[in-house]
Amino acid sequence: MNQSALAVIMGAVLIAIFILLAILFFKALRKKKIREPERKLEPQEKATEVIGEKVELEKVEEVIEEAEEEIEETEVEEEGKLGFFARLKEGLSKTRSALIGKVESLFAGRKVDEKLYGELEEILITADVGVSTTQALLDVLKARAKQEEIVEAEDLKKVLKEEIRRKLQPKPISIELGSKPFVMMMVGVNGVGKTTTIGKIAHQFTHEGKKIVLAASDTFRAAAVEQLERWAERSRSEIVKQAQGADPAAVAYDAVTAAAARGADIVIVDTAGRLHTRVNLMEEMKKIKRVINKANQTAPHLMLLVVDANTGQNAIRQAEEFNEAVGIDGIILAKLDGTAKGGVIIGIYDQLKIPIYYVGVGEKVYDLRPFDPDEFTEALFES
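Remember, predicted model here, so these are calculated numbers, not experimental data.

About the thresholds
Residue indices begin from 1 for each chain and proceed along its sequence in written order. Whole-chain, interface and lining totals are the exception, using all residues; otherwise, since this is a predicted model, local features are given only for residues with pLDDT of at least 70 and side-chain atom pairs are given and counted only at 80 or more. Values shown for side chains rest on all heavy atoms present in the structure; no hydrogens or waters enter the calculation. Going along the chain from the N terminus, every DSSP run of H or I of four or more residues is numbered as a helix, and every run of E of two or more is numbered as a strand. Burial status follows relative accessibility: with a 1.4 Å probe on protein chains alone, a residue under 20% of its type maximum counts as buried, one over 50% as exposed, and anything between as partly exposed. Working definition of accessibility: Shrake-Rupley area with a 1.4 Å probe, residue cover restricted to the visible protein chains. Using a 1 Å grid laid over the protein atoms alone, points where a 1.4 Å probe fits but cannot get out form a cavity; open sets with protein on both sides within 12 Å along at least 5 of 7 lines form a pocket; any residue with an atom within 4 Å of a point counts as lining. Grid points are joined across faces, edges and corners, and a volume is the space filled by probe spheres set on the points. Residue polarity follows a fixed list, in which Ala, Val, Leu, Ile, Met, Phe, Trp, Tyr, Cys and Pro are nonpolar, Asp, Glu, Lys and Arg are charged, and the others, Gly among them, are polar. Helix axes are fitted to C-alpha atoms over the stretch in contact, other axes to C-alpha atoms as well, and angles between N-to-C directions run from 0 to 180 degrees. Should an angle fall under 35 degrees it is taken as roughly parallel, and over 145 as roughly antiparallel, whereas 65 to 115 is taken as roughly perpendicular and any remaining angle as oblique. By definition, any crossing whose near helix is turned counterclockwise from its far helix by less than a right angle is left-handed, and any crossing with a clockwise turn is right-handed. Contacts are assigned to residue pairs that have any heavy atoms within 4.5 Å of one another.

### Here we look at the overall build of the protein
Move 1: A count of helices and strands for the protein gives 14 helices and 8 strands.
Move 2: Across the 383 residues in the protein, those meeting the buried criterion constitute 45%.
Move 3: Accessible area for the protein stands at about 20,300 Å²; split by element, carbon and sulfur atoms hold 53% of it.

Here it is in structure tokens:
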């Protein structure tokens, strides 16, 4: 056999060996893939599979949070006004026990006389209706009892309900947005729930499609800015802030000018409730109001005072002081569900004639609702 033929044979053998090795290699590789367990997908990869594109984990969490908020809002909308009335009624349970419950016990089987009026006076004052308002109520009750010849104490309950309703503001007050941006300045002492109330109002406005800017002008209280930041995220509002200890008026000014530049609908200014400096609180509120007016000559458009229903008659004193200092357009009564002093609502309007815009009866966003005098009276008297 010549060398040429031998070379051909050797080449063919080598090619056959190479093909055989290649077949064995690919078979082994295929078996390995079959035996290898399927790798568990990470949450981010699962999201990518479902959505069809790469989505960062933070975006997935944001989508989930938005979906949960939409579900909550839908449930609240479906629950409607009747749902809030039930919560209002439940929230007034302590006040109802302290006021109406005692009135019913007092009136049961009794005749109308001076002793009964004296005991009723004590009940009304205990429920924080207020001394002057209580006296005015008693005067009317006595006059109507004489005019209508009411002898049985039981018949006075209906008269009492009618007169309590008369002491409240004529109708619910709604916020009428005028100038854009509409500037709301929120005041109140520390601990009344002012920042939380701002967050709830912002949430409700953004749900209505409004663009909101929050001004973190409570730069003195520790963690106040962080608390408002969390509410800004939850309510999908923008926030203007500076470092702790910064000039509150400067923050308010920046927020109003920024809102105008960004085309925002509403600015809500959070303010301090107590200062740790030599500056008087009321003087600081006056300064913020002046500076806001420099940023917008028609602002602030609405000055709201937040008070804690648990403070009773002290809430009226706070309203008097803030009203004298900066002029209060309306009052928000928070934490109504945790007190037996809800009768202060009657005294607030009767004595100050400052309208009540909102009442709060719980922790949820929609547990802060516009104050309805008729609804309040019904919830107070309905057992």
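### Some points on the layout of surface pockets
Move 1: Volume-wise, the largest pocket comes out at about 240 Å³.
Move 2: Among the elements that make up the lining of the largest pocket, the one with the highest residue count is helix H8 (residues 194-207) (4 residues).
Move 3: A per-class count over the lining of the largest pocket returns 8 nonpolar, 3 polar and 1 charged.
Move 4: Taken together, 13 residues make up the lining of the second largest pocket; nearest its centre are Thr196, Lys200, Lys335, Gly362 and Glu363.
Move 5: Take the lining of the second largest pocket: its biggest share by element is 3 residues, from H8.

### Quick word on the packing of helix H6 (residues 131-147) against helix H7 (residues 156-167)
Move 1: Contact geometry of H6 with H7 gives a least axis separation of 10 Å together with a crossing angle of 135°. On the basis of their axis angle, the class for H6 and H7 is oblique. You can see that H6 and H7 cross each other, and the crossing is right-handed. The residues of H7 that touch H6, namely those facing Ala136, Leu137, Val140, Leu141, Arg144 and Ala145, are Leu156, Val159, Leu160, Glu162, Glu163, Ile164, Arg166 and Lys167.

That's the geometry; what it means functionally is another story.
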